[in-house]
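# Per-entry structural report
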Amino acid sequence: MGSNIYNPKNKLNDLTGSEWKFATKSVINKAYPINMQHKMRSEHGGQKPPELCADLIKIFTKKGQKVLDPFMGVGGTLLGASLIGREALGIDVNPRWVEIYKEVTKLEHLSEQETIIGDSSKELNNLEDESFDFILTDVPYWNMDSLKKTRNKKIKQSKLSNFENENNNQTKEEWLNQMADILEKASKKLKKGKYMAVFIGDMYREGEYHMLSGELAIKLSKIEDLKLKANLIWEDNSKSLHVFGYPSAFVPSMIHQNILILRRD
Ligand SMILES: C[S@@+](CC[C@H](N)C(=O)[O-])C[C@H]1O[C@@H](n2cnc3c(N)ncnc32)[C@H](O)[C@@H]1O
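A few points on the structure. This structure is a prediction, so every number in the text was calculated from the model and none was measured. (Residues numbered from 1 in each chain as written. Predicted model: local features only at pLDDT ≥ 70, side-chain atom pairs only at ≥ 80, totals over all residues. Heavy atoms only, no water.)

## Points about the overall build of the protein chain
When you go through the protein chain residue by residue, the secondary structure sums to 10 helices and 10 strands. The C-alpha radius of gyration of the protein chain comes to 18 Å, within 12% of the 18 Å expected for a compact globule of 265 residues. The C-alpha extent of the protein chain, read off along each of the three principal axes, is 55 × 40 × 40 Å. Evaluated residue by residue, the protein chain yields a buried proportion of 48% over its 265 residues. Here the contacts in the protein chain between residues at least 6 apart in sequence split such that 72% fall between residues at least 24 apart. Accessible area for the protein chain stands at about 13,400 Å²; split by element, carbon and sulfur atoms hold 52% of it. Taken together, the 39 basic and 36 acidic charged side chains of the protein chain have centroids lying 3 Å from each other. (Helix = DSSP H or I, 4+ residues; strand = E, 2+ residues; numbered from the N terminus. Rg over C-alpha atoms; globule rule 2.2 N^0.38 Å. Buried < 20%, exposed > 50% of the residue type's maximum accessible area, 1.4 Å probe, protein only. Contact = heavy atoms within 4.5 Å. Areas by Shrake-Rupley, 256 points an atom, 1.4 Å probe, with all protein chains shown as cover. Lys, Arg positive; Asp, Glu negative; His and termini not counted. Charge placed at Lys NZ, Arg CZ, Asp CG, Glu CD.)

What follows is the structure, encoded as C-alpha cells:
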C-alpha cells in the first residue's frame, strides 16, 4: 500500500497503491479547468467539471467498465467517462441538455455515449438489472424557491432554478422521496459490490441551513442492499464568496458540494 505499483488483485480500479491512497482523501480541493465548451454547458447552471467526474470514475471502475447517470444534464459524467475510456449511459428528462451534450462531444472530438431522453423513474425500468459497474449522478435541485412564493428577485434570477422546472412546488419531503425512489431503481442496475456516487449541495435559504446531503443520505441508507460508505466534500473553486448577512448575521458562502458514496452489498 502506498506504493507506485498496481496490485493485480485490485478488483475495484486501475489505480496503483499510492494513487489509491490519494483517492481516499475526504476533501477534493483540486482546481478543475473551465474547459470542454464550458460556456455552452453553463446554459445548464448545474454542470459538473468533466475532469472531476473522470477522477471519480477512475476510483470506482476499471477501463472499459460501464457507468450510469440517471440525471445526466449536459453530461459531466458522460464526458468524464469518454476522457478515460469508460462506457456510459445517461438519462435526462430535458432534451435541451442532451442536445448540448451531443454538440460538446462533436466539438471536443470525443466518443458520444448512449443517451436516453425521458423520466428516469420510467426509463430505468427498461434497463437490465446488475448491468453497470458504477453510478455517478447529480440530483436535480430542490426548488424550495418556487414552493415558497416569497422568493426575492435575486433568488428568482438564480441560474440554479433554470434547469429543472419539473421539480417545482415539491415540499422537501416529496423531493427527498422522489430522489430516493429514482436512486433505488438505479441501484438495482448496479452489479453487486459496486458503488454509487451522488453529488448533492446543501442549501441556505430564508435564514435556515438545509442539510440536504444528510437528509438524502439517511433516506438512501434505508434502501435494501445500499450502504453509505463515505461523504466526500468537493470544494468548488469557481464559486465566489458573498456577504449576505454582513454585518449582523453569519450566512455561509456555499462553496462546497457533498458527494455521497454508497455501495450495493
Ligand atoms: C443537477 S443536474 C445534472 C447536471 C450534470 N451533472 C451535468 O454535469 O450537467 C440534474 C438533471 O436532472 C434532470 N432531471 C430532473 N428530474 C429528472 C427525471 N425524473 N428523470 C431524468 N432526468 C431528470 C434535470 O433536467 C437536470 O438536468
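Read on for the rest.
## Structural notes on the packing of helix 9 (residues 172–187) against helix 10 (residues 212–221)
Axis separation between helix 9 and helix 10 bottoms out at 10 Å; the angle between their running directions is 50 degrees. Here helix 10 runs oblique to helix 9, going by the angle between their axes. Once helix 9 is placed against helix 10, the crossing between them reads as right-handed. Residues Lys 172, Glu 173, Trp 175, Leu 176, Asn 177, Met 179, Ala 180 and Leu 183 of helix 9 form the contact with helix 10, whose participating residues are Leu 212, Glu 215, Leu 216, Lys 219 and Leu 220. Taken together, the residues that form the contact of helix 9 with helix 10 break down as eight nonpolar, one polar and four charged. (Axes fitted to C-alpha atoms, helices over the stretch in contact; angles between N-to-C directions. Parallel < 35°, antiparallel > 145°, perpendicular 65-115°, else oblique. Left-handed = near helix turned anticlockwise from the far one by under 90°. Nonpolar A, V, L, I, M, F, W, Y, C, P; charged D, E, K, R; others polar.)

## As for the environment of Trp 142
Note on placement: Trp 142 falls in the loop between strand 5 (132–138) and helix 7 (144–147). Engagement of the side chain of Trp 142 in a polar contact is seen with the backbone oxygen of Gln 170, the distance being 2.9 Å. (Polar contact = N/O pair within 3.5 Å; in protein donor to acceptor, adjacent residues only side chain to side chain.)

## Let's talk about the sheet that holds strand 6 (residues 190–200)
Judged by pairing direction, the sheet is mixed, and its eight strands sit side by side in the order 1-9-10-6-5-2-3-4 without closing on themselves. Here the strands that pair on one side only, and so sit at the sheet edges, are strand 1 (27–28) and strand 4 (114–117). Its contacts with the sheet place helix 3 (residues 50–60) against strand 1, strand 2 (66–69), strand 5, strand 6, strand 9 (226–235) and strand 10 (256–264), and it is angled at close to 150 degrees to strand 5. Seen against the sheet, helix 9 touches strand 2, strand 5, strand 6, strand 9 and strand 10 and runs at an angle of roughly 150 degrees to strand 6. (Pairing = 2+ DSSP bridges.)

## Comments concerning the pattern of salt bridges
Evaluated as defined, the whole model comprises 19 salt bridges. Asp 129 serves as the salt-bridge partner of Lys 189, at 2.6 Å between the closest nitrogen and oxygen. Pair noted here: Lys 189 is in the loop between helix 9 and strand 6 and Asp 129 is in the loop between helix 6 (120–123) and strand 5, with a separation of 60 residues, a long-range link. Accessibility expressed as a relative area gives 6% for Lys 189, which makes it buried. Asp 225 serves as the salt-bridge partner of Arg 264, at 3.6 Å between the closest nitrogen and oxygen. Taken together, the residues Arg 264 in strand 10 and Asp 225 in the loop between helix 10 and strand 9 connect sequence positions 39 residues apart. (Salt bridge = Lys/Arg side-chain N within 4 Å of Asp/Glu carboxyl O.)

## What about the side chain of Asp 69?
Along the polypeptide, Asp 69 turns up in strand 2. The side chain of Asp 69 sits in the buried core without any salt bridge; Lys 48 is the nearest counter-charge, 9.5 Å away. Here the side chain of Asp 69 touches Phe 71 through a polar contact of 2.9 Å, landing on its backbone nitrogen. Of the polar contacts made by the side chain of Asp 69, one reaches the side chain of Thr 77; its length is 2.9 Å. With residues near it in sequence (within four places) discarded, Asp 69 still touches Thr 77, Leu 78, Leu 89, Gly 90, Ile 91, Leu 136, Thr 137 and Asp 138.

## Concerning the packing of helix 3 against helix 4 (residues 76–83)
The contact between helix 3 and helix 4 brings their axes to 7 Å, and the two run at 65 degrees. As helix 3 packs across helix 4, the resulting crossing turns out to be right-handed. In this structure, helix 3 uses Pro 50, Glu 51, Cys 53, Ala 54 and Ile 57 to contact helix 4, whose residues at the interface are Gly 76, Thr 77, Leu 79, Gly 80, Ala 81 and Leu 83.

## Details of the pairing of strand 4
Relative to strand 4, strand 3 (residues 87–92) runs parallel, the two sharing four bridges. Within strand 4, the residue paired with Asp 92 across the bridge is Ile 117. In this fold, the crossover linking strand 3 to strand 4 by way of helix 5 (residues 95–107) has right-handed handedness. (Right-handed = clockwise from strand over helix to strand, strands pointing away.)

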